[in-house]
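Listed below are the residues making up each chain.
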Amino acid sequence: MKKLDVVLGLQWGDEGKGKVVDVLAGRYDGVARFQGGPNAGHSLYFEGKHFVARSIPSGIFREGSINIIGNGVVLDPIEFQEECGKVAAMGLNPQEKIVISKKANLILPTHRLLDAANEAAAGKGKIGSTLKGIGPTYTDKISRHALRVGDALAPDFKARYEKLQNRHIKELQNLGFECDPHAEDEAWFAAMEFIKGFKLVDCEYYVNDMLANDKSVIAEGAQGSMLDIDFGTYPFVTSSNTTVGGCCPGLGIAPTKVGSVYGIFKAYCTRVGSGPFPTELFDETGEEIRQLGHEFGAVTGRPRRCGWLDLVALKYAVMLDGVTDLIMMKADILNTFDTIKIAVAYKINGEIVDHFPFEVDDNVEPVYKEFKGWKKDICAVRDYNEFPQEFKDYVAFIEKETGCPISIISVGPDRDETLVR
Ligand code: IMO
Ligand code: MG
């Protein structure tokens, strides 16, 4: 009996999950998404090609791996069909590579409109949502009004859609949001027909059967631990449990079946959207990281906020996720820096704190440890011993502080620019 391994982001998203899953997927028979939806943007680079995986698991381009969209995912039929079109254009048949849980919740066009209406009404308190309808869809799931993929097979599906849509229309009117709620009805139902062409499964049986038959599966997290609905910087979070536990209800897996947990982090930090970010840089160093790291949203194109690595937040995520292996991304972006900093604690009202606080406001000031930059191009390094000593010192410090080995180091966007220790 195999265990389910998990790979997830430890920061505020955009850690490079797409690349890592694509690299790891070669070792697994299945890749399963367990939460989130098309708010995710997982970039894959291989053989000169580029693909951004949104709802489709990042194992899609690995031969022999089945890609599972779990029940914890919120699926937008229109976005999904479009994404599948791109996969098809790259020569693959998505219907042969993807199975979908009947229990995954559906994003309606009006969920997206509600997302926009909520943000418009929030004024300064805006979450900076990707406007993909994620929050409103999970809201309907929890309040037990949602539609699920399997409902598409019911004879009264259309009536149920209209019932839910009417609830949304009332809400949109209450919020004074001007829109045409019916504009995408036709496209949405057409996309549902497309979805019916996939193998619709009871994901809990599907994944457990795979493991029982000695097939390996890796669960792919979306977003990051600091965007978790419970442990992130609430309310500036996404609407699902992005931490490791989310994979249990998100796929129908018992906690005792979870194996290795790969936690991905960038050698610095980014955040897109609103909310606290203690190590954010507002100076030219921040701008340099943004430019060198191409830190612009894969989904929305928004410039990402950039800052130094935050060990307080990283250690918090390592604890929450029970990380067994760390994976460090984009260290190569720091190749040219004279000095590199890591926040090792926070100073809050004069007191040194090493726990992530309940409230992160302007009183939270990072306490930095400085490292000498390695000032060498590390992109071509494939043997750990060949890294400059300054780089090895940086890695060793993070390993010591987190108590976790960094077992994979990425030195460039391509599949091949990866060092496994
Ligand atoms: P991947 O999987 C980075 C952020 C949004 C916003 C907040 C809530 O590519 O790492 P939502 O649309 O979920 O209601 O937005 O969460 N956010 C992400 N930031 N990467 C993501 O996904 C994100 N998904 C959501 O910017 O601040
Ligand atoms: Mg992203």
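In this report, the structure presented in the accompanying data block is examined. Nothing here was measured: the structure is a model prediction, and the numbers come from that model. (Residues numbered from 1 in each chain as written. Chains lettered and ligands numbered in written order. Predicted model: local features only at pLDDT ≥ 70, side-chain atom pairs only at ≥ 80, totals over all residues. Heavy atoms only, no water.)

### Focus: empty space enclosed by the protein
Moving on, step 1. Inspection of every chain in the model, using the stated rule, returns one cavity of 30 Å³ or more.
Moving on, step 2. Its boundaries defined by the atoms lining it, the largest cavity holds a volume of some 30 Å³.
Moving on, step 3. Every residue along the wall of the largest cavity is listed here: Leu-10, Gln-11, Trp-12, Met-226, Cys-269, Asp-310, Ala-313 and Leu-314.
Moving on, step 4. Here the residues of the lining of the largest cavity are counted per class, giving six nonpolar, one polar and one charged. (1 Å grid on protein atoms, 1.4 Å probe; cavity = no way out; pocket = protein on both sides within 12 Å on 5 of 7 lines; lining within 4 Å. Points joined across faces, edges and corners; volume = space filled by probe spheres on them. Nonpolar A, V, L, I, M, F, W, Y, C, P; charged D, E, K, R; others polar.)

### Remarks on unusual backbone geometry
Moving on, step 1. Cis geometry is found at the peptide bond from Tyr-234 to Pro-235, where omega equals 5 degrees.
Moving on, step 2. Within the element layout of this structure, Pro-235 appears in the loop between strand E10 (217–220) and helix H9 (247–251).
Moving on, step 3. Within the chain, Leu-131 stands out as a residue other than glycine whose phi angle is a positive 65 degrees.
Moving on, step 4. The partly exposed category is assigned to Leu-131, whose relative accessible area is 39%.
Moving on, step 5. The phi angle at Asp-214 is positive, at roughly 65 degrees, despite the residue not being glycine.
Moving on, step 6. Tracing the sequence through the fold places Asp-214 in the loop between helix H8 (203–212) and E10.
Moving on, step 7. We classify Asp-214 as partly exposed; its relative accessible area is 46%. (Helix = DSSP H or I, 4+ residues; strand = E, 2+ residues; numbered from the N terminus. Buried < 20%, exposed > 50% of the residue type's maximum accessible area, 1.4 Å probe, protein only.)

### Structural notes on the nonpolar core
Moving on, step 1. In terms of nonpolar packing, the biggest core is built from 61 residues, with Leu-4, Ile-68, Met-328 and Tyr-394 touching the most fellow members.
Moving on, step 2. Filtering out sequence-adjacent residues up to four positions away, Met-328 remains in contact with Phe-265, Ala-267, Phe-391, Tyr-394, Val-395, Ile-398, Ile-406, Ile-408, Ile-409 and Ser-410.
Moving on, step 3. Grouped together as the second largest cluster of nonpolar side chains are 32 residues, Ile-56, Cys-84, Trp-188 and Ile-195 included. (Core = buried A, V, L, I, M, F, W, Y, C linked by side-chain atoms within 4.5 Å. Contact = heavy atoms within 4.5 Å.)

### Focus on the site of ligand 1
Moving on, step 1. Lining the immediate environment of ligand 1, one finds 20 residues, of which Asp-14, Lys-17, His-42, Thr-130 and Thr-238 sit closest.
Moving on, step 2. One nitrogen or oxygen atom from the main chain of Ile-127 is found 3.4 Å from an oxygen atom belonging to ligand 1.
Moving on, step 3. Taking Val-272, its main chain carries an N or O atom lying 3.1 Å from an oxygen atom of ligand 1.
Moving on, step 4. Surface burial for ligand 1 is 97%, taken as the share of its 550 Å² of free accessible area covered by protein chains.
Moving on, step 5. Of the pockets mapped on this structure, ligand 1 occupies the largest pocket.
Moving on, step 6. When its residues are assigned to classes, the shell around ligand 1 shows seven nonpolar, 10 polar and three charged. (Near = heavy atom within 4 Å. Polar contact = N/O pair within 3.5 Å; in protein donor to acceptor, adjacent residues only side chain to side chain. Areas by Shrake-Rupley, 256 points an atom, 1.4 Å probe, with all protein chains shown as cover. Sits in = over half its atoms within 2 Å of the grid points.)

Function cannot be read off these values alone, since they describe shape.
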